[in-house]
Amino acid sequence: MVPQLLLPTDSIVHPDKDLFLHEENPFEAMMSRFDRAAELLDLEPVIYNVLGHPEKQIITSVPVMMDNGDIEVFTGIRVLYNTSRGPAKGGIRFDKNVTLDEVTALAAWMTWKCAVVNIPFGGAKGGVICDPLQMSVGELERLTRRYTASIIQTLGPDSDVPAPDVNTNERVMAWIMDTYSMHMRHTVTAVVTGKPIEMGGSQGRREATGRGCTIVTKAALAHLGMAVKATTVAIQGFGNVGSVAAQLLQREGCRVVAISDRTGAVYNPKGIDIDDAIAWVQGRKTLDAYPRGDHITNDALLTLDVDVLVPAALENVITTKNAAHIRAKIICEGANGPTTAAADPVLDEKGIFVIPDILANAGGVTVSYFEWVQDREGYFWTEQRVNEALHEIMERSFAAVLELSRQHKVNMRTAAYMLAISRVATVHRLRGIYA
Ligand code: NAD
């Protein structure tokens, strides 16, 4: 029996998981942070030029037989941003708003993220422009398989390893793995990560991103001399990342006073029982009408007087419009790109300690790396071993970024970019540019 493969459609798709970057061009937002770090590193023009461009961008037509017998042609994208440190790694999203710019920026972010935690991967991202909510499970399966076939030359455990992203999940990964394996004429589990455990997935992958957020939040509290036990926390987004981070932070002794989802936020200054809230959401899908707290807006949650704010839902929620009103001492960016580049200096001015996304949410790709390692060695780890290895990598990466931020007197985001870019640049220098 393979229960994970029999999920209903509504558990496949998260239409509002992370919205299209509408306030800033995503590639320009990435480049503005990249430029600052490159300048501080005094990056030579050749390396700057190479790292400022994606290695490969594939745009492909994806014909799909719809349930009514028509053939509809979708557009699929896969961008390999940089593979100097190892196979490209990055998710595939199914979304109406996928653009080449967005996928390229996300592929660059994956490159920096893998380098920050020093795992041997490059960065990639993919997407298909479609509205998965309007499609049947059969149509989604055919779309996935045809898209996989269209990009099959880039895929492979040694070249390009996708993972779930917006509106894709372990079931979609199982279809990709199967399609790739059919073409290769043998089973290749290591071609994707985020698979069902029954077919080569890793223990601890589901919790990995939230667990990583918890580890770096604790490290930040220790750095700032704040006691974990007295810490108050507000978390935006109560999905995979937010709910796990809330649960683990509470287990560590923090008081989680606010949580939210797309329907709004719940605030209880005495602390919310996170296990109870998770059970509520499992039964009723949303926090709407959750009885044990006051209902406030998502905007109000962001500016609560708390010690730690964890944006774990969407991109571009901390902007120049609200950054000046944020009162948290620490922001742990569970989501990708929750802070606009323009808001960074406002947070700096206020002395807020920001754990940037490419470090804070790197727990997910780190355990994806463990999954790839386990698939390749054909030997599967216990959850305890996965969690211990994750712990070690997250703590070591936090310390490395903090050290660089002290050395160069820059914020943690710039330091994380500096660390990532210098690691990728070093490999380019060692390998030489094939020009
Ligand atoms: P998810 O779909 O499981 O959960 C998203 C949550 O955000 C849901 O509770 C949803 O209701 C809520 N939400 C949606 N719109 C909202 C709004 N306007 N205001 C407040 N909340 C809203 O997604 P996830 O996997 O938890 O991912 C969350 C973020 O973390 C995304 O930016 C994702 O790219 C990033 N991320 C996820 C992982 C991972 O392993 N899942 C890894 C790295 C980064």
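This text gives an overview of the structure that appears in the document. (Residues numbered from 1 in each chain as written. Predicted model: local features only at pLDDT ≥ 70, side-chain atom pairs only at ≥ 80, totals over all residues. Heavy atoms only, no water.)

**Some words on the packing of aromatic side chains**
Each pair of aromatic rings is reported with the distance of its centres and the angle of its planes. Here is the rule: Paired rings are identified among Phe, Tyr and Trp, the last through its six-membered ring, by centres lying within 6.5 Å, and are further divided according to the angle between planes into stacked (under 30 degrees), edge-to-face (over 60) and tilted (the rest). Secondary structure elements follow DSSP: runs of H or I no shorter than four residues count as helices, runs of E no shorter than two count as strands, and numbering proceeds from the N terminus. Whether a residue is buried, partly exposed or exposed follows from its accessible area with a 1.4 Å probe, protein chains only, as a fraction of its type maximum: under 20%, in between, or over 50%, in that order.
Tallied over the entire structure, the rule returns 11 aromatic pairs. Between F353 and F398, the ring centres sit 6.3 Å apart and the planes meet at 45°, which makes this aromatic pair tilted. Of this pair, F353 sits in strand β12 (residues 353–355) while F398 sits in helix α13 (residues 383–408), and the two are 45 residues apart along the sequence. Judged by relative accessible area, which is 4%, F398 ranks as buried. Every member of this aromatic cluster is reached through a ring pair, and the members are F27, F34, Y48, Y81 and W112.

**Concerning the pairing of strand β1 (residues 56–65)**
As a reminder of what qualifies: Two strands pair under a simple rule: DSSP has to find at least two bridges between them.
By the bridge criterion, 10 bridges tie β1 to strand β2 (residues 71–82) in an arrangement that is antiparallel. Paired with V62 across the bridge in β2 is F74. From the end of β1 to the start of β2, which pair antiparallel, there are five residues, and G69 there has a positive phi angle of about 95°.

**So, the sheet that holds β12**
What counts here: Only the stretch in contact is used when a helix axis is fitted, and all axes are lines through C-alpha atoms; the angle between N-to-C directions ranges over 0 to 180 degrees.
With respect to topology, seven strands assemble into an open sheet ordered β9-β8-β7-β6-β10-β11-β12, the strand pairing being mixed. Looking along the sheet, the strands with just one partner apiece sit at the ends: β9 (294–296) and β12. The mean angle between the axes of side-by-side strands here comes to 20°, regardless of whether they run parallel or antiparallel. Pairing of strand β8 (residues 264–267) with β9, which is carried by three bridges, proceeds in the antiparallel orientation. Looking at the pairing, Y267 lines up with D294 of β9.

**Focus: the site of the ligand**
Here is the rule: Neighbouring residues are identified by heavy atoms, a residue being near a molecule or strand if any of them is within 4 Å of it. Between N or O atoms, a polar contact is any pair within 3.5 Å; within protein, one atom must be a potential hydrogen donor and the other a potential acceptor, and residues adjacent in sequence are included only when both atoms are from side chains. Charged means Asp, Glu, Lys or Arg here, nonpolar means Ala, Val, Leu, Ile, Met, Phe, Trp, Tyr, Cys or Pro, and polar covers whatever is left, Gly included.
Residues in close proximity to the ligand total 23 residues, the closest being T209, F238, N240, V241 and R262. A distance of 3.0 Å separates an oxygen atom of the ligand from a polar backbone atom of R262. Between the ligand and the protein, one listed contact pairs an oxygen atom with a backbone N or O atom of G334 at 3.4 Å. Within the residue set of the shell around the ligand, elements represented by two or more residues are α6 (205–223), α7 (240–251) and β7 (255–261). Here the shell around the ligand is built from residues that sort into six nonpolar, 11 polar and six charged.

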